[in-house]
Amino acid sequence: MKNILLTRIDDRLLHGQVIVSWIPYLKADEILIVDDEYSKDEFMSTLIKEAAPDNVKVDVLSVEDSRNYLNLNDEGSRLFILSRYIENVDKLIKLGIKISKLNIGGISNSHNRTKFKNAIHLSENELNMLKRMSEKGIRVEVQMLPNDKAIIIE
């Protein structure tokens with residue numbers, strides 16, 4: 001299995017905070033974007049890949065293709081997973097992918113969501129998914145930047 005450093009939910013995907021703070025902090029050399037919609041959209045996939053630093057490999061894959069990719073042998077890469085939706089990570093876990101830590105970044109106010117903390121909005125269903133993940137032993141935390149104090153969701 002691939003070496004997953006961190007899995008992050010952030011509907012902005014590759015943006016300033018991720019590029020300037022998270023990638024260097026994690027020393028990530030590979031990013032996997034888990035997104036069924038964008039994996040089929042050549043324009044969005046290219047746009048996302050172009051936003052990454054030159055020394056970082058980026059793949060944009062569906063949930064199913066992500067599972068297959070993550071089950072490949074680790075070749076020493078330092079993988080950072082990003083997804084726009086909590087549901088995608090929930091599906092990966094149900095498909096047998098081991099996620100030890102889930103970081104929650106920016107989630108916009110849409111889809112019947114209410115403000116949870118700062119730039120994070122969650123629906124009742126999303127919050128329940130996060131709590132179920134926590135009950136399974138996954139560390140679920142809200143943390144915008146690596147130096148911020150993490151808020152644990154239990």
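Residues numbered from 1 in each chain as written. Predicted model: local features only at pLDDT ≥ 70, side-chain atom pairs only at ≥ 80, totals over all residues. Heavy atoms only, no water.

A. Examining helix α6 (residues 124-135) more closely. End to end, α6 covers 16 Å across 12 residues, agreeing with the expected 16 Å (1.5 Å per residue, within 8%). For α6, every residue scored as buried is listed here: Glu-126, Met-129, Leu-130, Met-133 and Ser-134. The buried residues of α6 occupy one face: seen down the axis, they fall within an arc of 140 degrees. For α6, exposure combined with an orientation more than 90 degrees from the buried face picks out Glu-124 and Glu-135. (Helix = DSSP H or I, 4+ residues; strand = E, 2+ residues; numbered from the N terminus. Expected span 1.5 Å × (residues − 1). Buried < 20%, exposed > 50% of the residue type's maximum accessible area, 1.4 Å probe, protein only. Arc of directions from axis to C-beta.)

B. Summary view of the packing of aromatic side chains. Overall, the coordinates contain one aromatic pair when judged by the stated rule. Between Trp-22 and Tyr-25, the aromatic rings sit 5.9 Å apart at their centres with planes inclined by 90 degrees, giving edge-to-face as the arrangement. Here Tyr-25 and Trp-22 lie together in helix α1 (residues 16-26), a separation of three residues that amounts to about one turn. The exposure class assigned to Trp-22 is buried, which follows from its relative accessible area of 2%. One Lys or Arg, Arg-84, reaches over the ring of Tyr-38 and ends 3.8 Å from the middle of that ring. (Phe/Tyr/Trp six-rings, centres within 6.5 Å; stacked < 30°, edge-to-face > 60°. Lys NZ or Arg CZ within 6 Å of the ring centre and 35° of its normal.)

C. Quick look at helix α5 (residues 86-94). Among the residues of α5, those classed as buried are Ile-86, Asn-88, Val-89, Asp-90, Leu-92 and Ile-93. Just downstream of α5, Gly-96 is the residue with a positive phi angle, here 95 degrees.

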